[in-house]
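# Structural characterization, general
Chain by chain, the residues:
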Amino acid sequence: MFPGNFAWGAATAAYQIEGGWDADGKGPSIWDTFCHGKGRVFEDQSGDVSCNSYQLWEEDLGCILQLGLTHYRLSFSWARLLPDGTTRHVNKKGVQYYEKVIDDLLANNVLPMVTLYHFDLPQALQDQGGWKSSEMAGIFDTYAKFCFRTFGDRVKLWITINEPYVCAKMGYEDGLFAPGLKEQGVSAYIVGHNMLRAHARAWHSYDTLYRATQGGAVSLAINSDWAEPLDPASSEDMAATQRYLAFTFGWFAWPVFLTGDYPGVMRSNVERRSKEQGYQGRPRLPTFSEDEPSVLGTADFFALNYYTSRKVKARGACGGMLSLDSDRDAEGVTDASWPVCGVSWLAVFPEGLRNLLRYIKDTLNGPEIYITENGFSQVGLVDLEDVQRAGYYLDTIQEVGKAIQEDGVDVRGYFAWSLLDNFEWASGYSVRFGLFHVDFSGAEQKRSSYVSGKEYAKTIAKYRTQAGTDDLTTE
Ligand code: GAL
């Protein structure tokens, strides 16, 4: 069902697991600032200590080996490597930390996939305007080149930016994630645009300066729900579904993989709403400049983060406010038959992943795809016997198998979110996504396998053995 070189992985992100927020010369990031303020995160929790992976990396390695992973996706904390965000000052201790992680993985035959940016901008850069500033593309490019130069002899799979949609929407539209701004209908488009420009600059740098000698691959991680019409017979719901996908998936996938620009329906809806509301400022959805390196074609594979699905209906009257929601003009609801998993937004629909994979194949000319995140949470009571979650993983992996075998989708790997229970952003430690439980109440942050972790290990072993046998029979 899965090819022998299929990547079996799990993922984490620096701010969510490392702790050591000011250790050994690390600079503060926007998440440090955000959490140290009051009333923003569940019970005012923070990632100050979290799983303490900065000191307990070897424990994490133990978990990775227990699972039998072939790949591990981690992110670099930009401010741990470059405390003020620039290469004026390199934090040697930070470099050493990631060198050890990468070298230990390779010594154990686990391949690293590294994300350069997973939500945690150095605060020093936020102070200069952060992602709203057009300067960020060049600054990110310098950081990316530093990472390619320093680690690219060993890291062959790179993600520039994780979920630009979530950064833009949650950080600048809803204000629920760092930097906590609520500038509706305007800033998220600017932030998303600068992230695409930054990603493109970094991809071009890799392509011209490092690809020949390092031979790796670079992409950005795009999150998307699967969406289908609430009433398949309604042309309004069909059109609303197209808009739903255009404003999440298309916002980032179209420029990079399809046209070099945002989906037409984004442009027309944003323009129409601006007119309706008498908006006088600069066009809200920016334009890609021909004087800059092109964004189109700047991904060597498709990196997909998938969690859930929606049934979509047309929304009708949107009220007087400018906002991303009113521009999109489509409402997603969950189906009563999809079990809700921990958090209310996460309705489980494994077939949704298969459908989305097929949609990506059909609309984007069959790119190689890595599923860089997929997972299920527990809220409240912690149960090491998380049989339900183990079942969800199994069902979802089977849908991935069908996408490969029956739909001919070129899926190269699957990364579970997450290796460990960790700091789940605004939900703090109340929401647990780990394959390993972490005891946050003690000083030792002890890791223990959930049943889902043990079952995932068995699944990996089974498919790897099967692939090995298939290889022998075809030889
Ligand atoms: C993603 C994010 C992860 C993790 C996950 C579960 O949006 O990349 O960091 O938090 O959601 O909610």
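Everything in this summary refers to the structure shown in the same document. Bear in mind that the values here come from a model prediction, so they are computed numbers and not experimental data. (Residues numbered from 1 in each chain as written. Predicted model: local features only at pLDDT ≥ 70, side-chain atom pairs only at ≥ 80, totals over all residues. Heavy atoms only, no water.)

A word on the site of the ligand. The local shell around the ligand consists of Gln16, His118, Asn162, Glu163, Tyr307, Trp345, Glu373, Trp417, Glu424, Trp425 and Phe433. The side chain of Glu373 places a nitrogen or oxygen atom 3.0 Å from an oxygen atom of the ligand. Considered on its own, the ligand offers 310 Å² of accessible surface; in the complex 94% of this is hidden by protein. A class-by-class count of the residues in the shell around the ligand yields five nonpolar, three polar and three charged. (Near = heavy atom within 4 Å. Polar contact = N/O pair within 3.5 Å; in protein donor to acceptor, adjacent residues only side chain to side chain. Areas by Shrake-Rupley, 256 points an atom, 1.4 Å probe, with all protein chains shown as cover. Nonpolar A, V, L, I, M, F, W, Y, C, P; charged D, E, K, R; others polar.)

Before going further, it helps to examine the pairing of strand β3 (residues 111–117). Successive side chains on a regular strand alternate, one facing one side of the sheet and the next facing the other. For β3, a buried count of six out of seven residues is recorded, marking the element as mostly surrounded by other parts of the structure. As defined by bridge partners, strand β2 (residues 71–75) adjoins β3 across five bridges and the pair is classed as parallel. Within β3, the position partnered with Leu74 by the bridge is Val114. In this structure, β3 lies alongside strand β4 (residues 157–162), joined through four bridges in parallel fashion. Along β4, the bridge assignment pairs Thr115 with Ile159. (Buried < 20%, exposed > 50% of the residue type's maximum accessible area, 1.4 Å probe, protein only. Helix = DSSP H or I, 4+ residues; strand = E, 2+ residues; numbered from the N terminus. Pairing = 2+ DSSP bridges.)

The next point concerns the sheet that holds strand β12 (residues 411–417). Pairing between the strands of a sheet comes from backbone hydrogen bonds, and it takes one of two forms, parallel or antiparallel. The strand order β1-β2-β3-β4-β5-β7-β10-β12 describes a closed barrel built from eight strands, whose pairing is parallel. The average undirected angle you get between the axes of adjacent strands in this sheet is 25 degrees. With respect to the sheet, helix α13 (residues 350–363) is in contact with β7 (302–305), β10 (369–373) and β12, its orientation differing from that of β7 by roughly 155 degrees. (Axes fitted to C-alpha atoms, helices over the stretch in contact; angles between N-to-C directions. Contact = heavy atoms within 4.5 Å.)

All right, on to the pattern of salt bridges then. Considering all chains together, one arrives at 35 salt bridges under this definition. Linking Glu373 and Arg73 is a salt bridge whose minimum nitrogen-to-oxygen distance equals 3.1 Å. In this pair, Glu373 sits in strand β10 while Arg73 sits in strand β2, placing the two residues 300 residues apart along the sequence. Arg211 is the salt-bridge partner of Asp300, the closest N and O atoms lying 3.0 Å from each other. You can see Asp300 sitting in the loop between α11 (264–276) and β7 and its partner Arg211 sitting in helix α9 (residues 187–214), a full 89 residues away along the chain. When salt bridges that share partners are traced, they join Glu99, Asp103, Asp153 and Arg154 into one network. (Salt bridge = Lys/Arg side-chain N within 4 Å of Asp/Glu carboxyl O.)

By the element assignment, Thr459 lies in helix α15 (residues 451–474). The exposure class assigned to Thr459 is buried, which follows from its relative accessible area of 7%. Considered as a pair, Thr459 and Gly68 are 391 residues apart in the sequence and their alpha carbons are 9.8 Å apart. Ignoring anything within four residues of it in the chain, the contact list for Thr459 reads Leu394 and Ile397.

Any aromatic ring pair is given by two values, namely how distant the centres are and how the planes are angled relative to each other. By the definition in use, this model includes 51 aromatic pairs. Between Phe140 and Tyr143, the ring centres sit 6.0 Å apart and the planes meet at 70 degrees, which makes this aromatic pair edge-to-face. Remark: Tyr143 and Phe140 occur in helix α7 (residues 136–151); sequence separation between them is three residues, near one turn of the helix. Considered together, Phe140 and Tyr143 belong to a single accessibility category, that of buried residues. Between the aromatic rings of Tyr206 and Tyr210, the centroid separation amounts to 6.4 Å while the plane-to-plane angle is 35 degrees, which identifies the pairing as tilted. (Phe/Tyr/Trp six-rings, centres within 6.5 Å; stacked < 30°, edge-to-face > 60°.)

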